[in-house]
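Residue-level structural notes
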Amino acid sequence: MSVAAGASDAIVPSQARADGHSSAWAALAFPAVLIVVGALVIPVLVMVLLSFVDSSGSISLANYWLLISDPSLPTVIETTVSIALWCTLLCILLGTPVAYLLSELPQRVAGLLLIAVLLPFWTSLLVRTYAMLLLLQRRGLVNETLQSVGLTTEPLQLAHNMTGTVIAMTQIMLPYFILPLYVSFRRIDRGMMNAAAGLGATPVRVFWTITLPQARSGLLAGGFLVFVLCFGFYVTPAILGGGRVIMMAQAINTYLGLYPNWGAAGALATVLFLCTLLTLGFMRLCMVYLTRKRTSSRA
Amino acid sequence: MLSNERQISHGRRAWLYLWTSAVLAFLVAPSLIVIPMSFSASNLLEFPPSTLSLRWYASYFSSSEWMRATAISLSTALLTVLIATPVGFLAAYAVARTTPRLGSVATAIIVLPTILPHIVVAVGMFFVLSWAGLINTITGLTIGHVVVALPFVFVVMLAALKSYDFSQEKAAVSLGASQFRAVIDITLPQLKMSLITAALLAFISSIDEVIISMLVSTGSASTLSRRMLVSLTDVIDPTIAAISTLFILVTVSVIVIVQLTGNRSALVPGGTER
Amino acid sequence: MSGVQHVDVPLSAGGVEITARDLGKRYGGVSALCETTLDIPAGEFLTLLGPSGSGKTTLLMILAGFTRPDSGELFFGDQPVHRLPPHKRNVGMVFQNYALFSHMTVAENIAYPLRIRGVGRADCQRRVAEVLSLVHLEGFEDRQIRQLSGGQAQRVALARATVFKPKILLMDEPLSALDKKLRDQMQVEIRRIHNALGVTTIYVTHDQREALTMSDRIAVLNRGAIQQLGTPNEIYTSPKTAFVADFIGGSNILPLARNGDGVTFADQDILACNSLPDAEPLYLVARPEKLLFASSGEPTLDANRFSATVTNISFEGDSYAVTAALTNGREVTVRCTTTIGALPKQGEMVTLELARQDALIVRGDT
């Protein structure tokens, strides 16, 4: 039978094409691509180009000199980076156990509890920031409660400063961290964890040696996402910072009102844009490194 | 059961339960506490309110400024939904049916608005819209909001199309329907729920959008969210508690509708504004 | 299902002949279908049989219009159709997964092609009822698709594909999702409906038993080319290539060496029923049920005899499959009825006999 059996192993034509996939369908994406390119890509490129044009209309680095000579800008950048780092750290600490527990619970229970994550996710950023302000302000709910219980005598300074901004931003970013991590915890092969347990590993050890390493890409993606999104925050520091916490997005808006030519704001926005791209690029590198490492360790 | 041996025992997991409850409370409670506070009669918005009143709601509905801002927000959101839903659906359909290479290029472009800081997008848009004379117009605002809403529609519809059986369309064509008619008769009716979800998410994303609105609609053309921001960074008007409650109500109803239509996964994001 | 009325006459649409000239299709550098020429008379039930990737589905999709051929012409009757889009070909099609419209009822599904053709409401209703009765699903009009069993869904798909009286019916592995018992039942049903309608039917399958049971003619495909076209009987009894011999019914295929005017296997001259094909390489086809255990003693004059050692015996209900290794190490399968008197034991030396009239010599795959 060997001859004929070998003959039947003909190459199957590309399934994708046989299924009616074709490049012609891509034309339907044209309106959407046109909108994004026309209303986002081109404006951002125009903004980048304008940042290299000075007030007299000639090409120069004047706007960037302006940035460098602005004495308040180093503080702004430092504030932005440290807030982003704090929020990322807090999200990892607060969110990882939650994502893990949700992934271990039965799907139905987890689905219900996930609503608690999704509700804030889809609630207006302004509303959530306002809610945090009501809680954290000098005579807000947290201080009132602490004092009435007797834990503190003086109200704590929880709003109109860095602390308040970080607390509120962490609250806002947590869903962005928990959701992807939850998904990657769920994807882990349960059989492998059971096998490790069967071989005598303690549950805690299984978590550290099997579960967490496999969820690495989710952890990384969630962490980077939080970090990158924190960079662009405007609303929360503006409201909870009480004028004392200035992040890059606020500085851009200030420049827009401050300087008659838009180039300065454009230059700072370009810097923020590049920081975002660099961070995303770095994240991609890390992901590629991780997947390579995984495939090579399997081979 | 083996799986229980692997899991950390319930007793030893107590801290995990506690931690999770605390974090979930931290996530949900702040927004929920706003609701009773909005019914407080006092300027200080106590919790729990000592006397109940609807004065902040009255203040909202009787203010011509708040009402004008609301009208602008609602009409922009409506226009955004009307544009973003069909455009996003077409793009998702294209990506679902085209070659993987072209599909991933289109996807990368369409989800761009979710990863770039909105301030960057807003500044760029502000420049271009100023030249076009579209600042402080609903047209300009809608262009901005469509860009923000498109990825939501796209992601929801793509997920729906990935699990849709395209051979039904093929069957319709074999039975004599043109390709266009097959989409209208067979595909769209089956994706109805996802389309509703996508439209609702586009609506919320437009209503909630702050940063682009802040730059491209000012003065009497301000959206609700911009007016709230201005009030919050200046002298806080307790009316905002009432408005916030209405916002939360909208979000809760959208989530309930989406859960009821069995489209839960649509709510899980791949990243978005801020 | 009492009171089945036979409504074959009003539904009967007759068929139309199909003429394919040099139809070919390539994907990248790979030929999915070599240039194929095929004439299918009106009303014939033709099966395209082959393994996956053999080109049978490509040919079907070209007939349906979903795949555009790179070369060749296609006629339905006198009408050239190779440039016609699928929705204008007026061809009924049954899909592998049925592809029923899940948001419509059974009646709405079946009425869909009529709706497209602008048939009036009352007419629609009447014809849906007629065709439902033809497939023995009377009263199923208002059922939802998800309430149907696999067999019922299959019948609805068949009804939908025939209600608009197409002269050609294409079926793409329609029974592959059903269990064996239902499959056997549906084979009979499909054949009955074909006979009632007289529609030219092209049926794609990879199941050779299905092909043998149902078809007027079978086209066996491999590697994008028709290997052999003929009635089930011809295909089974006189396969032209080693591939066909193996794919239909399963055979022992033994490579032969040419020796002057004759051929040899393991240095032994082979007696065959047919003359040698003019090609290389050549193979001997020995159907497992034609190989016999020879009783010792005088060799039968007109038979090939092979010495072998029994390596395995497996019981298969109505028969035993005995595997035996020939002297050159090649294994063959012998099928013998369970009523055989003396079944050899494992490890026993036996002599296998293949009568000249059962020894067929074929060429290799094309």
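Report follows, based on the coordinates. (Residues numbered from 1 in each chain as written. Chains lettered and ligands numbered in written order. Predicted model: local features only at pLDDT ≥ 70, side-chain atom pairs only at ≥ 80, totals over all residues.)

1. Considering the overall build of chain A
Summing up its helical and strand segments, chain A has 15 helices and zero strands in all. At 26 Å, chain A has a C-alpha radius of gyration far larger than the 19 Å of a compact globule built from 299 residues. Dimensions along the principal axes, computed over C-alpha positions, put chain A at roughly 85 × 65 × 35 Å. The contacts in chain A between residues at least 6 apart in sequence include a share of 72% that link residues at least 24 apart. (Helix = DSSP H or I, 4+ residues; strand = E, 2+ residues; numbered from the N terminus. Rg over C-alpha atoms; globule rule 2.2 N^0.38 Å. Contact = placed C-beta atoms within 7 Å.)

2. Things to note about the overall build of chain C
Secondary structure summary: chain C contains nine helices and 20 strands in total. Dimensions along the principal axes, computed over C-alpha positions, put chain C at roughly 80 × 50 × 35 Å. Considering chain C as a whole, with its 366 residues, one finds that 42% of them fall into the buried category. In chain C, 69% of the contacts between residues at least 6 apart in sequence involve partners at least 24 apart. (Buried ≥ 20, exposed ≤ 12 C-beta atoms within 10 Å, placed from the backbone.)

3. Considering the sheet that holds strand β8 (residues 200–205) of chain C
Sheet strands associate in pairs through backbone hydrogen bonding, adopting either a parallel or an antiparallel arrangement. Residues and elements named next belong to chain C. Reading across the sheet, the six strands line up as β6-β7-β8-β3-β9-β10 and stay open at both edges, with mixed pairing between neighbours. Looking along the sheet, the strands with just one partner apiece sit at the ends: β6 (91–94) and β10 (225–230). The sheet shows a mean angle of 20° between the axes of neighbouring strands, taken without regard to direction. Sheet analysis places strand β3 (residues 45–49) next to β8, joined by five bridges and oriented parallel. Along β8, the bridge assignment pairs Leu-49 with Thr-205. Packed on one face of the sheet, helix α5 (residues 150–162) meets β6 and β7 (168–172) and runs near 170° to β6. (Pairing = 2+ DSSP bridges. Axes fitted to C-alpha atoms, helices over the stretch in contact; angles between N-to-C directions.)

4. A look at unusual backbone geometry
Residues and elements named next belong to chain C. Positioned with a positive phi, Asn-90 is a non-glycine residue whose angle comes to about 55°. Its location among the elements puts Asn-90 in the loop between β5 (79–80) and β6. With a phi angle near 60°, His-136 is a residue other than glycine that sits in the positive phi range. Along the chain, His-136 falls in the loop between α4 (121–134) and α5.

5. A closer look at the sheet that holds β5 of chain C
All names here are of chain C. Ordered in space as β2-β1-β4-β5, the four strands form an open sheet in which the pairing is antiparallel. Strands with a single pairing partner mark the edges of an open sheet, and in this sheet they are β2 (30–40) and β5. Bridge count for strand β1 (residues 18–27) against β2 is seven bridges, and the pairing is antiparallel. Within β2, the residue paired with Ile-18 across the bridge is Ile-40. Of the strands in this sheet, β1 and β2 touch helix α2 (residues 56–64), which is tilted by about 60° from β2.

6. Observations concerning the interface of chain B and chain A
The interface of chain B with chain A comprises 80 residues on the first partner and 83 residues on the second. Ranked by the residues each element gives to the side of chain B that touches chain A, the list is headed by helix α2 (residues 14–37) of chain B, at 13 residues. Within the side of chain B that touches chain A, the residues separate by chemical class into 58 nonpolar, 15 polar and seven charged. (Nonpolar A, V, L, I, M, F, W, Y, C, P; charged D, E, K, R; others polar.)

7. So, the packing of helix α4 (residues 64–97) of chain B against helix α11 (residues 192–208) of chain B
Residue and element names in this part refer to chain B. Where α4 contacts α11, the two axes come as close as 8 Å, and the packing angle between them is 140°. By the angle between their axes, α4 is oblique relative to α11. Helix-helix and strand crossings are classified by hand; for α4 and α11 the assignment is right-handed. Packed against α4, whose contacting residues are Ser-73, Thr-76, Ala-77, Thr-80, Val-81, Ala-84, Thr-85, Gly-88 and Phe-89, the element α11 presents Leu-195, Ala-198, Ala-199, Ala-202, Phe-203, Ser-206 and Ile-207 at the interface. Tallied by class, residues from the contact of α4 with α11 come to 10 nonpolar, six polar and no charged. (Parallel < 35°, antiparallel > 145°, perpendicular 65-115°, else oblique. Left-handed = near helix turned anticlockwise from the far one by under 90°.)

8. Here we look at helix α5 (residues 73–104) of chain A
The first and last C-alpha atoms of α5 of chain A sit 46 Å apart over 32 residues, in line with the 46 Å expected at 1.5 Å per residue. Remark: the principal bend of α5 of chain A, roughly 35°, maps to Gly-95 of chain A, with a proline, Pro-97 of chain A, within the next four residues. (Expected span 1.5 Å × (residues − 1). Bend = angle between axes of the 7 residues up to and from the residue.)

9. Some details on the environment of Pro-175 of chain A
Its place among the elements puts Pro-175 of chain A in helix α9 (residues 162–187). With 23 C-beta atoms counted inside 10 Å, the residue Pro-175 of chain A sits in the buried group. Here the alpha-carbon distance between Pro-175 of chain A and Gly-223 of chain A, two residues 48 residues apart in the chain, equals 11 Å. Discounting chain neighbours no more than four positions away, the residues touching Pro-175 of chain A are Val-117, Pro-120 and Phe-121 of chain A together with Leu-27 of chain B.

10. Considerations on the interface of chain C and chain B
Counting from both sides, the interface comprises 18 residues of chain C and, opposite them, 15 residues of chain B. Residue assignment for the side of chain C that touches chain B shows that the elements contributing at least two residues are β6 and α3 (106–116) of chain C. It is α3 of chain C that contributes the most residues to the side of chain C that touches chain B, three residues altogether. Tallied by class, residues from the side of chain C that touches chain B come to 12 nonpolar, four polar and two charged.

11. Examining α2 of chain B
Residues that lie three or four places apart on an α-helix share one face, since the helix turns once every 3.6 residues. If you check α2 of chain B, its first and last C-alpha atoms are 33 Å apart, about what 24 residues at 1.5 Å a residue would give, namely 34 Å. Along α2 of chain B, the sharpest change in direction is near 40° and occurs at Ala-29 of chain B; proline Pro-30 of chain B comes one to four residues later. Residues Thr-20, Val-23, Leu-24, Leu-27, Pro-30, Ser-31, Val-34 and Met-37 of chain B constitute the buried set of α2 of chain B. On its buried side, α2 of chain B packs onto α5, α6 (107–122), α7 (125–136) and α9 of chain A together with α14 (239–260) of chain B.

12. Section: the nonpolar core
One finds Met-173, Cys-230 and Ile-252 of chain A together with Ala-91, Val-123, Leu-150 and Val-153 of chain B to be the most contacted residues of the largest nonpolar core, which totals 163 residues. Residues contacting Cys-230 of chain A, with those up to four places away along its chain left out, are Ile-83, Ala-84, Cys-87, Met-169 and Met-173 of chain A. (Core = buried A, V, L, I, M, F, W, Y, C linked by C-beta atoms within 7 Å.)

13. Some thoughts on the environment of Pro-51 of chain C
All names here are of chain C. One can find Pro-51 in the loop between β3 and α2. Taking the number of C-beta atoms within 10 Å as the measure of exposure, Pro-51 has 19 and is therefore partly exposed. Residues Pro-51 and Phe-75 lie 24 residues apart in sequence; the distance between their C-alpha atoms is 27 Å.

14. Points about the packing of α7 of chain A against α14 of chain B
The geometry of α7 of chain A relative to α14 of chain B is characterised by a closest axis approach of 10 Å and an angle of 130° between their N-to-C directions. Comparing their axes, α14 of chain B and α7 of chain A come out oblique. Relative to α14 of chain B, α7 of chain A is oriented so that their crossing is left-handed. Taken together, the residues of α14 of chain B that come into contact with α7 of chain A (itself represented by Val-127, Tyr-130 and Ala-131 of chain A) are Ile-240, Ser-244, Phe-247 and Ile-248 of chain B. Here the contact of α7 of chain A with α14 of chain B is built from residues that sort into six nonpolar, one polar and no charged.

15. Here we look at the pairing of strand β18 (residues 331–337) of chain C
Residue and element names in this part refer to chain C. As judged from the seven bridges shared by strand β17 (residues 319–326) and β18, these two strands associate in the antiparallel manner. For Ser-319, the partnering residue across the bridge sits in β18 and is Thr-337. Where β17 folds back onto β18 in an antiparallel hairpin, the turn is made up of four residues, including Gly-329, whose phi is positive at roughly 95°.

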